[in-house]
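Coordinate inspection notes
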Amino acid sequence: MAHAMLNTPVFAVNTPQAFYDRLLAAQPNPTTGKPDPQKMAAFLASHPETVQATKIIQSHPASSGFENSTYYGLNAFWFMDASGRSIPVRWSLAPVQPFAPANTTGPARPDKNYLFDALIAGILQQPLQWHLIITTGQANDPTNDATIPWPDAREQVDVGTLTLDHAESEDTSPCRDINFDPLVLPEGMAPSDDPLPSARSAVYSQSFTRRAGEKKLPSTVTPSEVRK
Amino acid sequence: MSVSVATEQRQFTPLMRLFHWLTAALVLTILGIGVAMVASLADYHRLVSIHRPLGILILIVVVIRFVNRHYSTLPPFPATMSPRERSVAPTSELFLYALLVVQPLVGWGMLSAASYPITLYGSIHLFPILPHNVMLYAVLRRAHTVLAYLLFLTFLAHLGAVLFHTWVMRDGTFSRMAPWKVRAQ
Ligand code: HEM
């Protein structure tokens, strides 16, 4: 199973169409180099769920690095037990590394890759760990709307620990040559009625196909950079 | 096989006709699903999940059908068919059979080359038939689209030829494969 997770507790849109429309609204104007605020205002006027979700996202402090951030699965899935009973779930990865807020007031760092460099340095120092937390939904919790958080009181189960003990360059990792498809699921899991994972499958399949036929260039992160 | 049987028989055998219409329905359905799924987002997953087992079903049906054809008595060509048509018709039919076997194998092969799990239903998976190689995947994925077009064009030519004989030459070509029984006039 492959899954992308974000450091925001909800997603900004809840349908593929809204995702597309939001991209168009945020497109920079070629002369000013900035998005047209009127277009974004018009988008938000017809998407109250995005306004709500943006409030939640903005009230959620970003962490200082990749290693101390919580990552959220956002989309809902079904877990089935052996007797055929199923429950809706969402999940997140909670860091063992202590949280520190990002410095959002100082000047921008000149080195664009500092977050990646810090992650590699951190892993080389000691393994990084996250707890995989499954949140179980109840009857009225929306499974088809990634903009709406489930109530805080929902039962959470710590089902395991993810340990990153080394990083890998694209040149030596098996990741480049497989498609990253959020709906390749193990037995006992099924997609929900959330329309986003299917759209992601479709788009990732298309981009994987295009990349597959390209000449492969050496990875920007070289194998020696990620080794001790 | 006696000559008298061969000349009296005007239709393909009931089993051959059943296979024919079953294949036609399955192939037109999968072509439709194939085109719809690569153009859809929210329905992509549902459609591709139907597409894979349907394609494998077609492979199985076509192989059985081909073997059955080999052991069946075919009705003679209608008298209205020119010698040229008589030589082209079996070749074009063979071409259709070949496409219907190669296309699902390419689908299966391309997913193998991309190292996808080849899910048919639930936990039922097919084994890979090719090694993991994304360049190979890229070529086969392209071929899957080209073969689909070729299949559709061949189907149109096949339909056109039958309709031309049935409506313009009025030689009852359609009744040879009609799903119902047609008595000799
Ligand atoms: C007679 C059998 C088949 C026919 C006529 C057929 C037809 C098609 C068509 C028309 C498309 C869309 C092509 C495009 O526009 O790019 C397609 C895509 C596809 N087919 Fe098939 N197919 C067949 C069998 C199979 C089989 C057996 C498999 C796998 C086991 C398969 C897997 C796929 C996949 C995964 C895609 C889309 C991949 C993507 O997202 O790019 N097909 N097929």
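The structure contained in this document is the topic of the report that follows. (Residues numbered from 1 in each chain as written. Chains lettered and ligands numbered in written order. Predicted model: local features only at pLDDT ≥ 70, side-chain atom pairs only at ≥ 80, totals over all residues. Heavy atoms only, no water.)

Remarks on helix 5 (residues 195–212) of chain A
Filter applied, for reference: Helix numbers and strand numbers start at the N terminus; a helix is a DSSP run of H or I with at least 4 residues, a strand a run of E with at least 2. Residue count minus one, scaled by 1.5 Å, sets the expected span of a helix. Whether a residue is buried, partly exposed or exposed follows from its accessible area with a 1.4 Å probe, protein chains only, as a fraction of its type maximum: under 20%, in between, or over 50%, in that order. Contacts are assigned to residue pairs with any non-hydrogen atoms lying within 4.5 Å of each other.
Taking 1.5 Å per residue, 18 residues should reach 26 Å; helix 5 of chain A reaches 26 Å between its end C-alpha atoms and fits that length. Within helix 5 of chain A, burial applies to Pro195, Leu196, Pro197, Ser198, Ala199, Arg200, Ser201, Ala202, Ser205, Phe208, Thr209 and Ala212 of chain A. The inward-facing, buried residues of helix 5 of chain A abut helix 1 (16–25) and strand 2 (77–80) of chain A together with helix 3 (44–70) and helix 5 (134–168) of chain B.

With respect to the nonpolar core
As a reminder of what qualifies: For the purposes of this section, nonpolar cores are sets of buried Ala, Val, Leu, Ile, Met, Phe, Trp, Tyr and Cys residues that join through side-chain atoms within 4.5 Å.
Counting residues in hydrophobic clusters, the biggest one holds 40 residues, and the most contacted among them are Ile58, Tyr137 and Leu151 of chain B. Those residues in contact with Tyr137 of chain B that lie beyond four places of it in its chain are Ser205, Phe208, Thr209 and Ala212 of chain A together with Met110, Ala113 and Ala114 of chain B. Counting residues in hydrophobic clusters, the runner-up holds 16 residues, among them Val89, Trp91, Leu93 and Ile134 of chain A.

Quick notes on the site of the ligand
Condition: A cutoff of 4 Å decides nearness: a residue is near a molecule or strand if any of its heavy atoms lies inside that distance of it. Any N or O atom pair separated by 3.5 Å or less is treated as a polar contact, with the protein-specific requirement of one donor-capable and one acceptor-capable atom, and with residues adjacent in sequence counted only for side-chain atom pairs.
With respect to spatial proximity, 23 residues lie near the ligand, and among them Ser205 of chain A together with Tyr44, His51, Arg141 and His144 of chain B are the closest. Per-site note: the chains with residues close to the ligand are chains A and B. In the model, a nitrogen atom of the ligand is placed 2.8 Å from a nitrogen or oxygen of the His144 of chain B side chain. Those elements giving two or more residues to the shell around the ligand turn out to be helix 2 (14–37), helix 3, helix 4 (83–113) and helix 5 of chain B.

Here's the deal with the pairing of strand 1 (residues 118–121) of chain B
Residues and elements named next belong to chain B. Worth spelling out the cut-off: At least two bridges found by DSSP between two strands is the condition for calling them paired.
Sheet topology note: the strand 1/strand 2 (residues 124–126) ladder contains three bridges and is antiparallel. Bridged to Tyr121 within strand 2 is Ile124. Linkage of strand 1 to strand 2, two consecutive antiparallel strands, is achieved through a turn of two residues, within which Gly122 is found at a positive phi near 55°.

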